[in-house]
Structure formats: structure tokens, C-alpha cells
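# Breakdown of the fold
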Amino acid sequence: MSCAGLISFALFAGYAAAQTFSLCNPLHNASCPNDPALGSGIYNQTFTSTSAELNPNFWNVTSGNAETISFGQNGAELMIAKSGDSVTAESTFYIMYGQVEVIMQAAAGQGIISTFDLISDDLDEIDIEIMGGNTSFVESNWYGWGNTSQYNAVYHECDGPQNGLHNYTLVWSKDEIQWIIDGAVARTLPYDKPGQYPQTPSMLKFGIWAGGDAKQPNGTIEWAGGLTDWSKGPFTMTVQSIKITDASTNTSSYTYGDTTGSYQSIKANPGDSAAYKLISKKTTIESAKESWNGLSDTAKIGIGCGIGGAFALLIIVYTAVCIVQRKRGRAEKAVADKQWNEHTEELMEYRSQMAKGQFAVSHMGHGEKF
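Now for a quick tour of the structure. (Residues numbered from 1 in each chain as written. Predicted model: local features only at pLDDT ≥ 70, side-chain atom pairs only at ≥ 80, totals over all residues. Heavy atoms only, no water.)

## Section: the overall build of the protein chain
- Broken down by element type, the protein chain carries four helices and 18 strands.
- Out of the 370 residues in the protein chain, the part that is buried amounts to 42%.
- Nonlocal contacts in the protein chain, meaning residues at least 24 apart in sequence, comprise 67% of its contacts between residues at least 6 apart.
- For the protein chain, the exposed surface amounts to about 19,600 Å²; the carbon and sulfur share of it is 55%. (Helix = DSSP H or I, 4+ residues; strand = E, 2+ residues; numbered from the N terminus. Buried < 20%, exposed > 50% of the residue type's maximum accessible area, 1.4 Å probe, protein only. Contact = heavy atoms within 4.5 Å. Areas by Shrake-Rupley, 256 points an atom, 1.4 Å probe, with all protein chains shown as cover.)

In C-alpha cells form, the structure reads like this:
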């Protein structure tokens, strides 16, 4: 299955979900805290059945819990089962331009939305949204400053995003944004002025929610594809891997220099970021494990045979030593038996001589009698 080509139409685009709230919006507050950067590091995580959690050093789970986030053979599984459920995780770091690559399988189910997006403090936003009841299209979208009156959604033809894993990539630069689906560029957005083009430091958010929940506005339900039937749940979005690259290097954090919302006002503060330090701080065992997992089966077999050969050699050496020791032990035993027999013969001779009133001293090496 692949997603290729594009069909552009803004069906119900006005109801597409945009984030309209920020803890501190730099457009209105000149003293907002700095945004921690990813900086020089590359976050690259593949989730497997052995994963225990979304690493809290890199992710804040703002909606959901251990019961709604689990890990299976194909990756992290985000599950909702009843009205009001949602699962959302957001990165603890920001990027200022860069690339995000997510390999995922969208949840099936009418009104169920699987999504990931880049979102900034001043509500610039770049989205991928997939409706669970639409097996033929996925949606790309963007907003400037959280302006929900913008109609920017484009729908891209895609074969079964709920039936298998697909690669969704965002490439974001000062000059343009590209949405890439399974290796094919689906959409390109050229630069525009602030508020008309996302251009401020952004975190990554991903998750699952029900746009078709009866509690949602009618317009949102219609956009999501209709009312959700919870009796057909639970509904699960699967994320196999996430790779995030920050275009800025040697950057610890980002600062808004003013309230214009322009990329030109953003200051990259030098230094190693907390995320970069954590990513770079790998133990020898972790690095060795990654190297081993990266080897081909043939290489693993070769190494295994080499180790097996070395082990076999150790067994052979050990066995030879044991044989030598055993032979040496047998020789020593033969000498001891001979000596014992000699002593026994001397003792018998001694007893015989004593019985005759003589004292044998042959054991003293003299062979004389008294």
C-alpha cells in the first residue's frame, strides 16, 4: 500500500482542529520563557514490544495514561475506547526548522482522528491528520497564529492508511514546507509573512482523539467523517518510529526577541541542549546492542560461529589439560601402588623375621640382619 499523488479540496476544512491555547504566547507576552531546543542532536526512536514507556526525558503525555499507551510488535499503541478519551504526547524540546519523520498506522473507525503536528508557542502549526473512516485520503494542514478562519487543508490520495504502516515526513525550512507521504512530495507551501507561514520554534505533538464524539460541535463531527460508534472500539493508532532533526546546531534554547512572530526575531542561544546531552549519553551496552541489532543475519551468524569456535577451542584445551592431568594422576598412582606393595612386602618380611626372632632392616636399605 502506498500514498501517492494529491487531490486538493477543502471539504469541511474550516472545521479542522487547530490548537487555540498556549501557556505563554510570545505575541502577547514579551517575557515568555525560552524554548528548550533539540539542537545538534537527532532524536530517532523505534518503538517495540520491549519498550516500557514514552521516555519522559523526551515526551510529556498530556492526555492518556499507562492503560491507553502500550507497546506491541509494530510499535507504540495509542488507544481510546469511550466518549471523552484522547491520547496526546508532546516533545520536551523544540526545533527551529528541520525534519520530522513518523512511520505509523492510523486508527480505523468513523470519526476517529490520528494526527501529528508541529506547534509553536505563538500557535504556528503544521499538521498531518487522518480520519479513521476515510480509507482513501489523508489531510495536510497548517495554521498561522492559531487562526481557525484560515482554510488550508489539502487532501491527498492514499491507499489504506488504516491498514498498514506509512511514512509521513515534514520538511520545514525558512523557504518552504513539504509534506512527503511514502517518499513522494504531496504538497509544498512557499514562505509567506508571519501569521501566513509557520516560522517559530515548534514542538512535536502526536495522538488520537474522536472528532466524531457526540460531545463535539456538529461541524467538527461532520469534518471527522460522522459520529463515532463507541461499541465498535477500542480504536488504536500505532506509531512504529519517530525521527526528528533540528535545523539549528549548537543550540541550547530559543528566545523570542520581540512580539512580531517573525523568524527574524528568534534568537538561537548557543550551547548543548538538555535533549542533545541525553541523546549523546549512551552506555557502552546500549551502543553495542544497537550495533548488534544493525548487523545482517549473515554477520550475526558469522560472529556466533566465531564465538562458538572460540568456546569450542576452550573446551578442547580444557579437555586436553584434564587428559594430561588424568594420565599424570595415573602415573603417580602407579608409583604410589608400587611403593605401597614394596612396603607391604617389607612389612610381611618384618613380621616373618619377628616370628623367627630376627629383626629385618631391609626397609632401611642395609639388608643386614642382627
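## Structural notes on the state of the cysteines
- Here the structure, examined in full by the defined rule, presents one disulfide.
- Here C24 pairs with C32 through a disulfide, and the sulfurs are 2.0 Å apart. Where C24 bonds to C32 through sulfur, the torsion about that S-S bond is close to -90°, and the disulfide is left-handed. We note that C24, like C32, is buried. (Disulfide = S-S within 2.5 Å.)

## Remarks on the nonpolar core
- The biggest cluster of nonpolar side chains holds 60 residues, and the ones touching the most others in it are Y43, W59, F116, I242 and I244.
- Apart from residues lying up to four places away in sequence, Y43 is in contact with L38, F58, W59, F93, I242, K243, I244 and I279. (Core = buried A, V, L, I, M, F, W, Y, C linked by side-chain atoms within 4.5 Å.)

## Observations regarding the environment of D213
- When you line up the elements, D213 lands in the loop between β15 (202-210) and α1 (218-224).
- In sequence terms D213 and G226 are 13 residues apart; their C-alpha atoms lie 8.6 Å from each other.
- If sequence neighbours within four positions are ignored, D213 has contacts with S83, G84, I221, L227, T228 and W230.

## Observations regarding the sheet that holds strand β9 (residues 125-131)
- The seven strands lie next to each other as β3-β6-β15-β8-β9-β10-β11, forming an open sheet whose pairing is antiparallel. Each of the sheet's edge strands pairs with one partner strand only, and the pair in question is β3 (59-63) and β11 (154-157). Recorded for the sheet is a direction-independent mean angle of 20° between the axes of neighbouring strands. (Pairing = 2+ DSSP bridges. Axes fitted to C-alpha atoms, helices over the stretch in contact; angles between N-to-C directions.)

## Description of the pattern of salt bridges
- If you walk through the whole model with that rule in mind, you get two salt bridges.
- Of the charged contacts, one joins D85 and K82 as a salt bridge, the two residues approaching to 3.1 Å between their closest N and O atoms.
- Residue classification places D85 among the buried residues on the basis of a relative accessible area of 17%.
- Across the pair D175 and K174 runs a salt bridge whose closest N-O atoms are separated by 3.3 Å. (Salt bridge = Lys/Arg side-chain N within 4 Å of Asp/Glu carboxyl O.)

## Some details on the pairing of strand β5 (residues 75-80)
- Note: strand β4 (residues 69-72) against β5, four bridges, orientation antiparallel. Residue pairing across strands places I69 opposite L78, the latter belonging to β5.
- Linking β4 back to β5 in an antiparallel pair, the connection comprises two residues.
- Here β5 pairs with strand β16 (residues 235-246) via five bridges, running antiparallel. Across the sheet, the residue bridging to I80 is F235, located in β16.

## Some points on unusual backbone geometry
- The peptide bond linking G233 to P234 adopts the cis configuration, its omega dihedral lying at 0°.
- For P234, the location among the structural elements is in the loop between α1 and β16.
- A positive phi is found at D182, a non-glycine position, where the angle reads about 55°.
- Relative to the assigned elements, D182 resides in the loop between β13 (176-181) and β14 (184-190).
- What makes D182 partly exposed here is its relative accessible area of 28%.

## Side note on the pairing of β13
- Here β13 lies mainly inside the structure; five of its six residues are buried.
- Of the strand pairs in this sheet, strand β12 (residues 166-172) and β13 are connected by five bridges, and their pairing is antiparallel. Bridging across to β13, Y168 finds its partner in I181.
- With six bridges joining them, β13 and β14 adopt antiparallel strand pairing. Residue pairing across strands places I180 opposite V185, the latter belonging to β14.
- Where β13 folds back onto β14 in an antiparallel hairpin, the turn is made up of two residues, including D182, whose phi is positive at roughly 55°.

## A word on the packing of aromatic side chains
- Across all of its chains, the model carries 10 aromatic pairs by this definition.
- Geometrically, the ring pair formed by Y43 and W59 is edge-to-face, given 5.7 Å between the ring centres and 80° between the ring planes. Remark: W59 occurs in strand β3 and Y43 occurs in strand β2 (residues 42-46); sequence separation between them is 16 residues.
- Classification of Y43 by relative accessible area gives buried; the value is 3%.
- Judged by relative accessible area, W59 falls into the buried class, the value being 2%.
- What links up through ring pairs into an aromatic cluster is the set Y43, F58, W59, F93 and F206.
- One cation-aromatic arrangement involves R187 over W179; the distance from NZ or CZ to the ring centre is 4.8 Å. (Phe/Tyr/Trp six-rings, centres within 6.5 Å; stacked < 30°, edge-to-face > 60°. Lys NZ or Arg CZ within 6 Å of the ring centre and 35° of its normal.)

## Examining the side chain of S265
- With respect to the helices, strands and loops of the structure, S265 is situated in the loop between β17 (251-256) and β18 (266-270).
- A polar side-chain atom of S265 sits 3.4 Å from a polar atom in the side chain of D258. (Polar contact = N/O pair within 3.5 Å; in protein donor to acceptor, adjacent residues only side chain to side chain.)

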